Structure formats: structure tokens, C-alpha cells
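Chain and residue survey
So the chains spell out like this:
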Amino acid sequence: MEDFTKIKNILGPLRVFENEPLYKYTYFKIGGSARLFFEAKNVEDLKLALETATEHKIPFVVLGGGANVLVSDQGFEGLVIRNRAEGVKLVGIKGTINKIGKGIKSALVWTASGTLMNQLGRFTMDQGLEGLEFLLSIPGTVGGGIKINSHFEVEKGEFLGNRLVSAALFDSKTGQVKNVDHEYFNFAYDHSKIQKTGEVVLEAVFRLDNSPDPGALWQKAMDNVKRRNEEQPVGVACSGCTFRNISVQCAKRLKTPNLTTSAGYIIESLGLKGTKIDGVQISTHHANFIINTGGAKASDVIQLIKLIKEKAKRTYNLDLKEEIFYVGNF
Ligand SMILES: Cc1cc2nc3c(=O)[nH]c(=O)nc-3n(C[C@H](O)[C@H](O)[C@H](O)COP(=O)(O)OP(=O)(O)OC[C@H]3O[C@@H](n4cnc5c(N)ncnc54)[C@H](O)[C@@H]3O)c2cc1C
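These figures come from a predicted structure and were not determined experimentally.

Here we take up the overall build of the protein chain. Within the protein chain one finds nine helices and 16 strands. For 330 residues, the compact-globule formula gives about 20 Å, and the C-alpha radius of gyration of the protein chain, at 21 Å, lands near that figure. Buried residues in the protein chain amount to 50% of all 330 residues. In the protein chain, of all internal contacts separated by at least 6 residues, the share reaching a separation of at least 24 is 63%. Taking the average place of the 42 positive charges on the side chains of the protein chain and the average place of its 36 negative ones, the gap between the two points comes to 3 Å.

Here you go:
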């Protein structure tokens, strides 16, 4: 068995756990154990853990909120870094603040990457800043959100990446931190460049405009929560949408109703809504959600994903692509 004493000494012997079950840290409530597990409590912690893993050539993975991952039943043979580096603050203001505290035109907001998106959304609304109120109903951290370019109403341009100005990334290939701007990420629907590079977000800065009607921000955010609760399953173990929506070209080719690009529509039209395999089921509420009905294994989820993909290919010649990320060997 490998000797991890050095790693433990660097990160703190009482802060590194061996064989820690990972299901506890995922929304799916599925997954085996991490060989080593460490919780980063601030950006410095996160950086140190990443540098240590890189230097000692130990495979690592960063977990944010665990809202968009499927962890293998065999767990992860390396260091799992749970990112709890939280913090959000105003770092720049454009405009002048008058006696009653008004007059800000736009502001720069800094966040540590382990900050919950929900927390970032709340902070910006409390400051009367608009543009990220849709985050109130999205689980997970800013780092995980940047990787997938978290979104709500796509047609209205509600993407996390649209507001990002700059970020600090850790690159395990060089062991260095680099500062990058918005363009670096090549943001698109469910896409950012770091999905390919594997770089880790340490911190990020967002630019937001002052809202002409700050009171309406919370109303809009609450309306979103209400809508989500009506349209999606609530209070169940799942990882949100399993598949990315299809392209507009595919929607045109398939002549979907109102040219919907919804992967949920596709799965429902395949007659798969409600399908069960052992501990998992395609939600009867929203067909793009796979639910752990109790004691599910990652292999059950994989079987269901395979079934959906095969039927989509056979019926529509469509290659559905997962939105969730895999952790460990599959
Ligand atoms: C009920 C439910 C509803 C959802 N609704 C939405 C929705 O409306 N819109 C939407 O966009 N998403 C939605 N999601 C998906 C999820 O909220 C987002 O994908 C979110 O960005 C996941 O963040 P996380 O911190 O939990 O990431 P994790 O699940 O922890 O990780 C996801 C991936 O990001 C990587 N990662 C994590 N932190 C970092 C970092 N700091 N730097 C680099 N990579 C990192 C991980 O290694 C992994 O590959 C939903 C999920 C659930 C469970």
C-alpha cells in the first residue's frame, strides 16, 4: 500500500481522511470511497492541495457541491479535494455613491470558487445588482458552475459565464496559477474550455450592473424557484439534468414541437419516462432527471444512460451527450 504520510503531513494529518465514502458529498448519493479526501476551507488550502497532488503525482479531482457528478462504485484512487473555499465581496464600483447609498452603475464582485452559486446570487441581489438572480435556484459552487457554464433561461442569456470578467486557474500540467479573462473560457451552452484543459478555478470576478428596480430582483428569483419546483422533481437524490439539450439543427431535423431542444422531450418521446433499472428511475416528472430511488449504484445509472443513448441513436440517429461529469473509473 502506498505511503501517504508526506501528503498528510503537508495538508494536516487530521485533515486528510483515507477511504472516505463519497456518496455523502454528491446529490446523487452514489459512489465508492476516495483513497484520500481533503476539505479545502479557503483558496490557499485549495491551492496547497492542488500543488501537493501535482508535485507528488497523485491523481486528484475537485468536488464542488457534487450536484453534477456521478462517482464510480469503485470510488476514486487518488486525492479528492472538496472545495469549501467560500467568500464573496465587492471589489470595484463604477459610478458614485450618494448620501442614500445610490448611484452605483456597475460593480465587480469577487468570489472564492467554493462559494455556493446560491450565495453569490443572494449577495448580488442584496447589493441591488442584476444579472445573477437566476443562481438562487441552482445547486453547486461557482467553480462547478464555471466549468459547465451554469444557466437558467438560455434564450434570455442567463449564463454564469456571461458575467465572468476574470478568474485564477490552477493548471496541473505546469503546477502554476494563471489569471485569465472572459475570452479564455470560450463559453457556450454547457461548455467552457476548462472541460478540456482540466484547470481548476480558484477564484473569479464577475461584473454586474446596478438594477433600476432592485426590489424586482428577489421577486424574479423567487418566481424562478417556484417555476423550477413545478417543472422538476424536488427533494429527491439526483444530479439534475443527465443530458445536454440537443442542438437547434437537430431539433429542426427531428421537427420537435416548437423546435424544442429539450433532451427531456426526446427521452419522453422515446417512451422511456418512468423506466426503472434496479435502484434508479427516469423521473416521471421530468424525463431528463435520473433519480436514485434508494440504494442505487453508479452501474445502475450507467445502464439507464446506455439504454437512453442507444434508443435515441436507433430511433432518431441522435447522439445524446451527458451533462453530468464522471468521477473515477467507469
Ligand atoms: C436538482 C438540480 C437542479 C439543477 N439545475 C440546474 C440548472 O438549472 N442549471 C444548471 O446549469 N445546472 C443545474 N444543475 C446542475 C448543477 O447545479 C451545476 O452543474 C453546477 O454547476 C454543479 O456545481 P458543483 O459545484 O456541484 O459541481 P460538482 O458536481 O461538484 O462538479 C462538477 C464538475 O465540475 C468540476 N469542478 C468542481 N469544482 C471545480 C473548480 N473549482 N474548478 C474546476 N472544476 C471544478 C468537478 O471536478 C466536476 O468535473 C442542477 C443540479 C441539480 C442536482
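You'll often see interface size given as the accessible area lost when the parts meet. Assigned domains within the protein chain: domain 1 (6-83), domain 2 (88-226) and domain 3 (234-327). Between domain 2 and domain 3, the C-alpha centre-to-centre distance is 28 Å. At the interface, six residues of domain 2 touch four residues of domain 3. Buried surface at the junction of domain 2 and domain 3, both sides included, amounts to about 460 Å², of which 54% is carbon and sulfur. Considering only the side of domain 2, the residues that lose the most area to domain 3 are Ile148, Tyr189 and Asp190, jointly responsible for 69% of the buried surface there.

For helix α6 (residues 214-231), which comprises 18 residues, the first-to-last C-alpha distance of 27 Å matches the rise-based estimate of 26 Å (1.5 Å per residue) to within 8%. Buried residues of α6: Leu217, Ala221, Asn224 and Arg228, and no others. Angular distribution of buried residues about the axis of α6 spans 55 degrees; they occupy a single face of the element. Of the exposed residues in α6, the ones pointing more than 90 degrees away from its buried face are Gly215, Lys226 and Glu230. Residues of α6 that are buried in the fold lie against α3 (117-126) and β8 (129-130).

Close contacts around the ligand come from 32 residues, with Val62, Gly64, Pro139, Thr141 and Arg228 the closest. One nitrogen or oxygen atom from the main chain of alanine 67 is found 2.8 Å from an oxygen atom belonging to the ligand. Sorting the residues of the shell around the ligand by element identifies β3 (60-63), α4 (142-148), β11 (200-210) and β12 (237-241) as the ones contributing at least two each. It is α4 that contributes the most residues to the shell around the ligand, five residues altogether.

Moving on: the UniProt feature "active site" (unreviewed entry) in the protein chain. Within this structure's numbering, the places UniProt gives as "active site" (unreviewed entry) are Cys241 and Glu323. Spanning 83 residues, the named residues nonetheless gather at one spot, since no C-alpha pair among them exceeds 6.7 Å. Once residues within four sequence positions are removed from consideration, cysteine 241 is found in contact with Asn68, Asn288, Phe289, Glu323 and Ile324. A residue is classified by how much of its surface remains accessible, and glutamate 323, at 11% relative accessible area, is buried. Ignoring sequence-local partners within four residues, the contact set of glutamate 323 consists of Asn68, Ile148, His151, Tyr189, Asp190, Cys241, Thr242, Phe243 and Arg244.

Time to look at the sheet that holds strand β14 (residues 280-282). Here four strands make up an open sheet; going across it, the order is β12-β15-β14-β13 and the pairing antiparallel. The sheet terminates laterally at β12 and β13 (276-277), the two strands that pair on one side only. Bridging between β14 and strand β15 (residues 289-292) involves three bridges; their strand directions are antiparallel. Residue pairing for β15: isoleucine 282 is matched across the bridge by isoleucine 290.

Remark: the centre distance and the inter-plane angle together describe each pair of aromatic rings, the angle taken between the planes. Taken as a whole, this structure holds four aromatic pairs when the rule is applied. Ring centres of tyrosine 184 and phenylalanine 185 lie 5.9 Å apart, and the angle between their planes is 90 degrees; this geometry places the pair in the edge-to-face category. Residues tyrosine 184 and phenylalanine 185 agree in their burial class; the two are buried. In this structure an aromatic cluster arises from ring pairing among Tyr184, Phe185 and Phe187. The ring of tryptophan 110 carries lysine 89 above its face, with NZ or CZ at 5.0 Å from the centroid. Seen from the ring of phenylalanine 325, lysine 147 lies directly overhead, with NZ or CZ sitting 4.5 Å from the centre.

On to the sheet that holds β3. If you walk across this open sheet you meet the four strands as β1-β2-β5-β3, and the pairing is mixed. The outermost strands of the open sheet, each flanked by one partner alone, are β1 (16-21) and β3. Here the strands of the sheet are splayed against their neighbours by 35 degrees on average, with no regard to which way each runs. By the bridge criterion, six bridges tie strand β2 (residues 33-40) to strand β5 (residues 76-83) in an arrangement that is parallel. Note that in β5 the partner of glutamate 39 across the bridge is arginine 82. In the packing of helix α2 (residues 43-55) onto the sheet, contacts are made with β2, β3 and β5, and the angle to β5 comes to roughly 165 degrees.

Note that glutamate 153 resides in the loop between α4 and β9 (164-171). The residues contacting glutamate 153, other than those within four sequence positions of it, are Glu158 and Arg227.

Thresholds, definitions, all that
Residues numbered from 1 in each chain as written. Predicted model: local features only at pLDDT ≥ 70, side-chain atom pairs only at ≥ 80, totals over all residues. Heavy atoms only, no water. Helix = DSSP H or I, 4+ residues; strand = E, 2+ residues; numbered from the N terminus. Rg over C-alpha atoms; globule rule 2.2 N^0.38 Å. Buried < 20%, exposed > 50% of the residue type's maximum accessible area, 1.4 Å probe, protein only. Contact = heavy atoms within 4.5 Å. Lys, Arg positive; Asp, Glu negative; His and termini not counted. Charge placed at Lys NZ, Arg CZ, Asp CG, Glu CD. Domains from an automatic or database assignment. Buried area = accessible area lost by both parts, 1.4 Å probe. Expected span 1.5 Å × (residues − 1). Arc of directions from axis to C-beta. Near = heavy atom within 4 Å. Polar contact = N/O pair within 3.5 Å; in protein donor to acceptor, adjacent residues only side chain to side chain. UniProt positions renumbered as here; feature names shortened; annotations may be inferred. Pairing = 2+ DSSP bridges. Phe/Tyr/Trp six-rings, centres within 6.5 Å; stacked < 30°, edge-to-face > 60°. Lys NZ or Arg CZ within 6 Å of the ring centre and 35° of its normal. Axes fitted to C-alpha atoms, helices over the stretch in contact; angles between N-to-C directions.

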